Structures are given as C-alpha cells and as structure tokens.
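# Observations on chain architecture
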Amino acid sequence: MQMPEILMYNLDNKKGSRLRLLCLKLHIRVRAISPGEYGEPVGALAGMMPRTGAEAAGSFDDEMLVLVNFGSKLLNQFLQELRAAKIPGVALKAVLTPTNAEWNSVRLYEEIRREHEAMRYGGPTHPPAGK
C-alpha cells in the first residue's frame, strides 16, 4: 500500500498545526492545497495521475480533508486519535475514491457539503425553514 496522505484545505491555522502533528505521529503525509490548485483533479493532487493545469471555476473557504491511501484500520485509528487529542472537528472529510479522484476540489467540496447538510438536516440538501 502506498503511503497514506491527507490533503488539507483552508487549514493554515492552529487546528491545522495540531492536525499536522497528529499526522506526523501516525506517519501520514500532509499536503496543504492552495486555491490555485482547486482546478486540478483531486487524484492529481494526491500524485496518482498527471496534473492538467486546469483552473477552478470557483473556490471555497470551508475546511476540508481528503484522506488518501487509508485502509479501514488507519481510518479508525486516525479518527480515534483526532478525538483523543481534542482537535476541533473538520466537518467536510472524504476518502479518495476512483470516482472522486477525477473531480476537481470545488466539485468534491460541493458534493461533500451537500452530503453533510443532508445528514445534518435529516434528508433534504437544504436547511429547514428558520435555520
């Protein structure tokens, strides 16, 4: 199995520093993704396919993590260590798959955000009235 890696978005802060230390402990490589890279396929950012030079049609400010080359054991360990270290959560997380590897960061962000809202609000992808 290739070395596990986390692609970090918008985590150039104290939380990001704490996440980096946790990843160092667990032998997980970390790569901060800048907005100028958002047009590239996520798989290219993870080094699994060639870069395209594409520019993103959009951006986002929310924190997001993409977990690359994580088996279920490491995924569970990472999530447990994250809780144990009392690092504030990152709501938008995804595991790199063959499908989302072809998406750019903005498309992945939009999909994860929709899924997160659907889980948070119990179904529809829009918050209930008054929220």
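Residues numbered from 1 in each chain as written. Predicted model: local features only at pLDDT ≥ 70, side-chain atom pairs only at ≥ 80, totals over all residues. Heavy atoms only, no water.

## Examining unusual backbone geometry
Filter applied, for reference: Secondary structure elements are defined from DSSP: runs of H or I of at least 4 residues count as helices, runs of E of at least 2 residues count as strands, and each element is numbered from the N terminus.
One non-glycine residue, Asn 10, adopts positive backbone phi at about 55°. In this fold, Asn 10 is placed in the loop between β1 (5-9) and α1 (14-25).

## Thoughts on the nonpolar core
Keep this limit in mind: For the purposes of this section, nonpolar cores are sets of buried Ala, Val, Leu, Ile, Met, Phe, Trp, Tyr and Cys residues that join through side-chain atoms within 4.5 Å. Think of it in three bands: residues with accessible area under 20% of the maximum for their type are buried, residues over 50% are exposed, and the middle band is partly exposed, with areas taken using a 1.4 Å probe on protein chains only. Any two residues whose heavy atoms approach within 4.5 Å at even a single point are treated as in contact.
Of all hydrophobic cores here, the largest spans 20 residues; its most connected members are Leu 7, Tyr 9, Met 64, Val 66 and Leu 108. No other element matches the four residues that helix α4 (residues 105-120) contributes to this core. Excluding residues that lie within four positions of it along the chain, Tyr 9 makes contacts with Ile 33, Tyr 38, Val 42, Leu 45, Phe 60, Asp 62, Glu 63, Met 64, Val 66 and Ser 105. The next biggest cluster of nonpolar side chains, apart from the first, holds 16 residues, and it includes Cys 23, Phe 70, Ile 87 and Val 90.

## A short note on the pairing of strand β4 (residues 92-95)
Spelled out, the test is: A strand pair is defined by DSSP finding two or more bridges across the two strands. By convention, orient the strands away from the viewer: a clockwise path from the first strand over the helix to the second makes the crossover right-handed.
Alternating positions in β4 separate cleanly, Leu 92 and Ala 94 being buried on one face and Lys 93 and Val 95 remaining unburied on the opposite face. Where strand β3 (residues 64-68) lies against β4, four bridges are found, and the strand directions are parallel. Bridged to Leu 65 within β4 is Lys 93. Between β3 and its parallel partner β4, the chain crosses via helix α3 (residues 72-84), and the hand of that crossover is right-handed.

## Observations regarding the packing of aromatic side chains
By convention here, two paired aromatic rings are described through the distance between centres and the angle between planes. Put simply, the rule is: The criterion for an aromatic pair is that two Phe, Tyr or Trp rings (for Trp, the six-membered ring) have centres within 6.5 Å, with stacked assigned to planes under 30 degrees apart, edge-to-face to planes over 60 apart and tilted to the rest.
Scanning the model with the defined rule gives five aromatic pairs in all. Here Tyr 9 and Tyr 38 contribute two aromatic rings whose centre-to-centre distance is 5.6 Å and whose plane-to-plane angle is 50°, an arrangement assigned as tilted. Linking Tyr 9 in strand β1 with Tyr 38 in the loop between β2 (29-33) and α2 (42-45), this pair joins segments that are 29 residues apart in sequence. Between Phe 60 and Tyr 109, the aromatic rings sit 4.2 Å apart at their centres with planes inclined by 5°, giving stacked as the arrangement. Of this pair, Phe 60 sits in the loop between α2 and β3 while Tyr 109 is found in helix α4, placing the two residues 49 residues apart along the sequence. Both residues of the pair, Phe 60 and Tyr 109, count as buried. Through a chain of ring-to-ring contacts, three or more aromatic side chains come together here, namely Tyr 9, Tyr 38, Phe 60 and Tyr 109.

## Observations concerning α1
Selection criterion: What a helix should span is 1.5 Å times the count of its residues minus one. Starting at the helix axis, one direction is taken to each C-beta atom, and the arc is that of these directions. We call two N or O atoms a polar contact when they sit within 3.5 Å, provided that within protein one can donate a hydrogen and the other can accept it, with sequence-adjacent residues counted only if both atoms are side-chain atoms.
In a regular helix each residue adds 1.5 Å, so 12 residues correspond to 16 Å; α1 covers 17 Å between its end C-alpha atoms and thus fits that length. The complete set of buried residues in α1 reads Lys 15, Gly 16, Leu 19, Leu 22 and Cys 23. For α1, the angular spread of the buried residues around the axis is 120°, confining them to a single face. Residues of α1 that are exposed and point more than 90 degrees away from the buried face comprise Lys 14, Leu 21, Leu 24 and Lys 25. Sitting at the head of α1, Asn 13 places a side-chain oxygen 3.2 Å from the backbone nitrogen of Lys 15. Of the residues trailing α1, His 27 is marked for its positive phi of about 60°.

## Overview of the pairing of β3
With five of five residues buried, β3 is to be regarded as a mostly interior element. The alternating pattern of β3 places Met 64, Val 66 and Val 68 on one face and Leu 65 and Leu 67 on the opposite face, and all of these are buried. Summarising the sheet, β1 and β3 pair through five bridges and their orientation is antiparallel. Looking across to β3, one finds that Ile 6 is bridged to Leu 67.

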